[in-house]
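The primary structure of each chain is shown beneath.
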Amino acid sequence: MANDRLRALEEVEKEIGTVLQCAGNIILELSKEKHNASFLDRQLSQFTTSVNRVETELSNQIRYLTQVATGQPHEGSTYSARKDCQMALNRVDYARVKLGELGRTCEILLDTQT
């Protein structure tokens, strides 16, 4: 799951490179006295497609990270279960300490009565 997310981010990085390349080509073509309209159309189409892919994938990544950060269930995560387990262990430790204190108090009371 984590590898899939990393691969998706690598693809986003490549798409950003494509966006920059297309933007550069468009600017270069527009700087010429005579523009090649079909070339500009192709570059603009590729630019738009790549920007949409980047936006979609980054939105997916943000949505996933929002789920993780808010503790909502999501595929492949054990964070919630680990957190619950750690909290249960903390409660057990607290109960153990309190029972120990109660036991010592009872022993002191019994020792003073005899």
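Here is a short report on the structure shown in this document.

What counts, and where the lines are drawn
- Residues numbered from 1 in each chain as written.
- Predicted model: local features only at pLDDT ≥ 70, side-chain atom pairs only at ≥ 80, totals over all residues.
- Heavy atoms only, no water.
- Helix = DSSP H or I, 4+ residues; strand = E, 2+ residues; numbered from the N terminus.
- Rg over C-alpha atoms; globule rule 2.2 N^0.38 Å.
- Buried < 20%, exposed > 50% of the residue type's maximum accessible area, 1.4 Å probe, protein only.
- Contact = heavy atoms within 4.5 Å.
- Areas by Shrake-Rupley, 256 points an atom, 1.4 Å probe, with all protein chains shown as cover.
- Lys, Arg positive; Asp, Glu negative; His and termini not counted.
- Charge placed at Lys NZ, Arg CZ, Asp CG, Glu CD.
- Phe/Tyr/Trp six-rings, centres within 6.5 Å; stacked < 30°, edge-to-face > 60°.
- Lys NZ or Arg CZ within 6 Å of the ring centre and 35° of its normal.
- Expected span 1.5 Å × (residues − 1).

### So, the overall build of the chain
So, point 1. The helix and strand tally for the chain stands at three helices and zero strands.
So, point 2. When the elements of the chain are put in sequence order from the N terminus, they spell out α-α-α.
So, point 3. Its C-alpha radius of gyration of 31 Å places the chain more than 25% over the 13 Å reference for a compact globule of 114 residues.
So, point 4. With the C-alpha coordinates aligned to their principal axes, the bounding extent of the chain is approximately 110 × 25 × 20 Å.
So, point 5. Across the 114 residues in the chain, those meeting the buried criterion constitute 13%.
So, point 6. If you take every contact in the chain between residues at least 6 apart in sequence, the share linking residues at least 24 apart comes to 60%.
So, point 7. For the chain, the exposed surface amounts to about 9,200 Å²; the carbon and sulfur share of it is 59%.
So, point 8. Charged side chains of the chain number 14 positive and 16 negative; the gap between the two group centres comes to 1 Å.

### Here we look at the packing of aromatic side chains
Within a pair of aromatic rings, the relevant descriptors are the distance that separates the centres and the angle that separates the planes.
So, point 1. Enumeration over the complete set of coordinates arrives at zero aromatic pairs.
So, point 2. Residue placement shows Arg5 over the ring face of Tyr64; its charged tip is 3.7 Å from the ring centre.

### Some words on helix H1 (residues 2-30)
So, point 1. The end-to-end C-alpha separation of H1 is 42 Å, in line with the 42 Å expected for 29 residues at 1.5 Å each.
So, point 2. Of all the residues in H1, the buried ones are Arg5, Ala8, Val12, Glu15, Val19, Cys22, Ile26 and Glu29.
So, point 3. Lining the buried residues of H1 we find helix H2 (37-70).

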